[in-house]
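Examination of the molecular architecture
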Amino acid sequence: MERIVARRQCPKILVSGTHSTGKTTLIAELEKVLRPSRLRVISEIARECPFVLNLEQNELSTAWLIAAQVKAEIEAQTHADFALVLCDRSMPDIFAYHSVASSKRIGAIATFASEWMSTYDHVFLSEPDLTMDMSADKLRVPSVAYRAEIQQAIRGWLTAVGAEYDTLPHGLDRQLPYVIGRLQEKGWLS
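To keep things clear, this report deals only with the structure shown in the data block. The written sequence of each chain sets the order in which its residues are numbered from 1. This being a predicted model, a pLDDT of at least 70 is required before a residue's local features are given, and a value of 80 or more before pairs of side-chain atoms are given or counted; all residues contribute to the totals for chains, interfaces and linings. Where side-chain values are given, they derive from all heavy atoms of the structure, hydrogens and water being excluded.

With respect to the overall build of the protein
- To qualify as a helix, a DSSP run of H or I must reach at least 4 residues; to qualify as a strand, a run of E must reach at least 2; elements of each kind are numbered from the N terminus. Across its full length, the protein carries six helices and five strands.
- From first element to last, N terminus to C terminus, the protein shows the α and β order β-α-β-α-β-α-α-β-α-β-α.
- Atoms counted for the radius of gyration: C-alpha only. Globule rule: 2.2 Å times residue count to the power 0.38. Whereas a compact globule of 190 residues would reach a radius of gyration of roughly 16 Å, the protein reaches 16 Å, a difference of no more than 12%.
- Along the first, second and third principal axes, the C-alpha atoms of the protein reach 45 × 40 × 30 Å.
- The buried label applies to any residue whose accessible area, calculated with a 1.4 Å probe on protein chains only, is under 20% of its type's maximum; exposed applies above 50%, and partly exposed to all values in between. Within the protein, buried positions represent 47% of all 190 residues.
- Here, two residues are considered to be in contact whenever any of their heavy atoms come within 4.5 Å of each other. For the protein, long-range pairs separated by at least 24 residues make up 79% of all intrachain contacts whose partners lie at least 6 apart in sequence.
- Charged side chains of the protein number 21 positive and 23 negative; the gap between the two group centres comes to 3 Å. We count Lys and Arg on the positive side and Asp and Glu on the negative side, and we leave His and both chain ends out. Every charge is mapped onto a representative atom, which is NZ of Lys, CZ of Arg, CG of Asp or CD of Glu.

Structural notes on the nonpolar core
- Only buried residues count toward a nonpolar core. Its members are Ala, Val, Leu, Ile, Met, Phe, Trp, Tyr and Cys residues joined through side-chain atoms within 4.5 Å. Ile42, Leu65, Met91, Phe95, Met117, Tyr120 and Leu158 are the most contacted members of the largest nonpolar core, which totals 38 residues.
- Going through the elements one at a time, α2 (59–77), β3 (84–88), α3 (91–101), α4 (107–116), β4 (122–125) and α5 (144–160) are the ones with two or more residues in this core.
- In this structure, Leu26, Leu34, Leu39 and Leu86 belong to the second largest nonpolar core, which totals 17 residues.

A closer look at the pairing of β3
- β3 sits mainly inside the fold: five of its five residues count as buried.
- Across the two faces of β3 the burial is the same, with Leu84, Leu86 and Asp88 and Val85 and Cys87 all buried.
- A strand pair is defined by DSSP finding two or more bridges across the two strands. Examined bridge by bridge, strand β1 (residues 12–16) and β3 share four bridges and lie parallel to one another. Bridge pairing links Leu14 to Cys87 in β3.
- Direction of pairing for strand β2 (residues 39–42) relative to β3: parallel, over a ladder of four bridges. Bridged to Leu39 within β3 is Leu84.
- Handedness of the crossover joining β2 and β3 through α2: right-handed. The path from the first strand over the helix to the second decides the hand: if it runs clockwise while the strands point away from the viewer, the crossover is right-handed.

Laid out in structure tokens, this is it:
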């Protein structure tokens, strides 16, 4: 078996925020606009999780989500063909949902996740427009209060780990040029 020497190949960007803020829509538009063959999107891992989520998320769910997220990010970021990796959610989101659902602390995993934040080259925080209706599906809890509580927990977690982030404006028509502009400023779009 031939082994690959793992090394960092490209920048990794995180788009974080509670459900129904437009993260996935924004990332889908970025995929269309940017060089799709050189862009790797890591979709929301929670949709693949075989364990309980949202109001019932527990330490097993949280551990699975973190392990799956880290694996996907490592594989994408060390792939020679990708110039940029975009993550639709990650550690702040996983821990926000956990903290709202469970009072059980998961210390060692939390420490790892906090340190993992340093692997992101840039973080964007997508804010909810709580006046707009959300599209319901099998995973999302449609409660406005729950969305607000999750968003507050995400912001709190980002602050607690000292992560710098840009808050995205509302609306895809404003988010898309904002993100592209920030990526160009960093020299990540060629």
